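Secondary and tertiary structure notes
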Amino acid sequence: MKKIAVFPGDGIGKEVVRETVEVLKIVDKKYKLSLEFEEALVGGSAYDEYKTPLPDSSLKLAKDSDAVLLGAVGGPKWDGLDYSVRPERALLGLRSELGLFANLRPAIVYPALVQASTLKKEIVEGVDIMVVRELTGDVYFGKPRGVEKLSDGSEKGINTMVYTTPEIERIAKVAFDVARKRNKKLTSVDKANVLECTELWRKVVTKVHKDYSDVELNHMYVDNCSMQLIRYPKQFDVIVTTNLFGDILSDEAAMLTGSIGMLPSASLGSRLSSSGSPIGMYEPIHGSAPDIAGKDIANPIATILSASMMLKYSLNSEKASSDIDNAVLNILNKGYRTKDIYEDGKKLVGTKEMGRLIGEEILNEKR
Ligand code: NAD
């Protein structure tokens, strides 16, 4: 039995997660995966009920599960709340309590959606990049930090970039493992020409590479990488980088695809499930989209593809994962589109119908 904690969250989170669970139930039945789903509140809806965005019962459920499926949290209703109880705190709480130090964000340009990108077709056609971002170190957590008053009345702002050898080793291993499951090419991004901290990053990644000689490794400075992503993105397979550089580069890579409703993500930690796979949290990169919530127009594909990543990385079910990926590809090729990716001549469908079509496609695919 494999337990999945289901946190729909707020806004369109509820709609896209509902469709994703239906899709997971279909692959569960097809491949006899023995999945068990348990749903709980996080975010604004948890605050309304328990006056906290991450109730202890939800956190316990997450900790007792093999994987977490999350929709999205937040919305204008809770914008005025104190930061300590804002819906978004639930995400930070889950990430730190589950020790999720690796964030995986694929950026795939589907042939059927190549027009959605703001870049030229010949540049983005065939792009399939995975950005592995370190999630718990760097300037976001390094000390000292803060803003100090100086004797002359001015102020000094400080943040500290810090990484230790074990922190770099574990993220490098995740990235090499991911590259092994893909095209065996890893680009490590740093600023080793200026920042000592990333000089250490480069040294440690190079050392870890000795255990992964089947994977090709190259190093790139972050400024060059941000340029190369626009100039010739097809050169990349897997990119591994620090928290700050990854924050920026993963958004840049995502936008090569041009469609926020299509982009999944996975966050992995060092805790392993009984089957020996990393326990992870899987969620679309988009938010709760209050402007379209409750209208049955949200694109559920980002969340459905997050479930595919869950099957691959936490539930050891590569076949079920590729079934979902193929079903999404086929449905797009057949011309079905939600409103966010719609273009003239295509078949416009809602959230529920898109979910149903993908489920039906999975049933039609041969094992
Ligand atoms: P958003 O991602 O929710 O929406 C941005 C735009 O993209 C909106 O126009 C929305 O309609 C559209 N969009 C997003 N997902 C879509 C989908 N699946 N299908 C079709 N269209 C989609 O970002 P925002 O508007 O800046 O934030 C709204 C709320 O979500 C805020 O409260 C914010 O804090 C929260 N948020 C949560 C997360 C998360 O839970 N991980 C991430 C980002 C924002």
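Here is a short report on the structure shown in this document.

1. Considering the packing of aromatic side chains
- Scanning the model with the defined rule gives two aromatic pairs in all.
- One cation-aromatic arrangement involves Lys51 over Tyr47; the distance from NZ or CZ to the ring centre is 5.0 Å.

2. Structural notes on the packing of helix α1 (residues 12–31) against helix α10 (residues 301–313)
- It is at 8 Å that the axes of α1 and α10 come closest, and there the two elements cross at 40°. Judged by the inter-axis angle, α1 sits oblique to α10. When the axes of α1 and α10 are compared, the crossing they make is right-handed. For the pair α1 and α10, contact is made by Val16, Val17, Thr20, Val23, Leu24 and Val27 and by Thr303, Ile304, Ala307 and Leu311, respectively.

3. Focus on helix α9 (residues 243–255)
- In a regular helix each residue adds 1.5 Å, so 13 residues correspond to 18 Å; α9 covers 18 Å between its end C-alpha atoms and thus fits that length.
- Listed in full, the buried residues belonging to α9 are Asn243, Phe245, Gly246, Leu249, Ser250, Glu252, Ala253 and Ala254.
- On its buried face, α9 is in contact with β4 (100–108), β5 (128–134), β8 (185–190), α7 (196–208), α8 (222–231) and β10 (238–241).

4. Observations regarding the environment of Asp325
- As for its placement among the helices and strands, Asp325 is situated in helix α11 (residues 318–333).
- Residue contacts for Asp325: discarding those within four places in its chain leaves Leu305 and Ser308.

5. Some words on the nonpolar core
- Within the largest apolar cluster, 65 residues are counted, with the highest numbers of intra-cluster contacts made by Val27, Leu104, Val132, Phe176, Leu186, Leu332 and Ile358.
- Split by domain, the residues of this core number at least three in each of domain 1 (1–99 + 270–367) and domain 2 (109–257).
- The contact partners of Leu332, leaving out residues within four places of it in the chain, are Tyr110, Ala112, Leu113, Met262, Ile301, Arg337 and Ile341.
- Judged by nonpolar contacts, the second largest core, of 18 residues, contains Val124, Ile129, Cys225 and Ala253.

6. Remarks on the site of the ligand
- Neighbouring the ligand are 20 residues; Val73, Glu88, Gly287, Ala289 and Asn299 lie closest to it.
- One of the side-chain N or O atoms of His286 is found 3.2 Å from a nitrogen atom in the ligand.
- Ser288 is positioned with one of its backbone polar atoms (N or O) 3.1 Å from an oxygen atom of the ligand.
- Looking at the shell around the ligand residue by residue, the class counts come to nine nonpolar, seven polar and four charged.

7. Quick notes on the pairing of β8
- The buried fraction of β8 amounts to five of the six residues, a majority that puts the element mostly inside the structure.
- Tracing the backbone out of β8, into α7 and back to the parallel element strand β9 (residues 216–221) gives a crossover that is right-handed.
- As judged from the four bridges shared by β8 and β10, these two strands associate in the parallel manner. Residue Ser188 lies in a different strand from β10, and its bridge partner there is Val240.

8. Overview of the sheet that holds β9
- The sheet built from 10 strands is open, its strands ordered β2-β1-β3-β12-β11-β4-β5-β10-β8-β9 with mixed pairing. Of all the strands in the sheet, just β2 (35–39) and β9 have a single pairing partner and so form its edges. If you compare each strand with its neighbour and ignore which way they point, the axes differ by 20° on average.
- Pairing geometry for β8 and β9, over six bridges, is parallel. The partner of Ser188 across the bridge, within β9, is His219.

9. Some details on the pattern of salt bridges
- Tallied over the full model, the rule gives 20 salt bridges.
- Between Arg202 and Asp190 there is a salt bridge, with the nearest N and O atoms lying 2.9 Å from each other. In this pair, Arg202 is assigned in helix α7 and Asp190 in strand β8, connecting sequence segments 12 residues apart.
- Take Arg202: its relative accessible area is 23%, and that puts it in the partly exposed class.
- A salt bridge links Arg356 to Glu353; the shortest N-O distance between them is 3.0 Å. Taken together, the positions of Arg356 and Glu353, both in helix α12 (residues 351–364) and three residues apart, correspond to about one turn of that helix.
- Overlapping salt bridges bring together Lys30, Lys319 and Asp323 as one network.

The rules we used
- Residues numbered from 1 in each chain as written.
- Predicted model: local features only at pLDDT ≥ 70, side-chain atom pairs only at ≥ 80, totals over all residues.
- Heavy atoms only, no water.
- Phe/Tyr/Trp six-rings, centres within 6.5 Å; stacked < 30°, edge-to-face > 60°.
- Lys NZ or Arg CZ within 6 Å of the ring centre and 35° of its normal.
- Axes fitted to C-alpha atoms, helices over the stretch in contact; angles between N-to-C directions.
- Helix = DSSP H or I, 4+ residues; strand = E, 2+ residues; numbered from the N terminus.
- Parallel < 35°, antiparallel > 145°, perpendicular 65-115°, else oblique.
- Left-handed = near helix turned anticlockwise from the far one by under 90°.
- Contact = heavy atoms within 4.5 Å.
- Expected span 1.5 Å × (residues − 1).
- Buried < 20%, exposed > 50% of the residue type's maximum accessible area, 1.4 Å probe, protein only.
- Core = buried A, V, L, I, M, F, W, Y, C linked by side-chain atoms within 4.5 Å.
- Domains from an automatic or database assignment.
- Near = heavy atom within 4 Å.
- Polar contact = N/O pair within 3.5 Å; in protein donor to acceptor, adjacent residues only side chain to side chain.
- Nonpolar A, V, L, I, M, F, W, Y, C, P; charged D, E, K, R; others polar.
- Right-handed = clockwise from strand over helix to strand, strands pointing away.
- Pairing = 2+ DSSP bridges.
- Salt bridge = Lys/Arg side-chain N within 4 Å of Asp/Glu carboxyl O.

Note that all results are geometric; they support no functional claim without further evidence.
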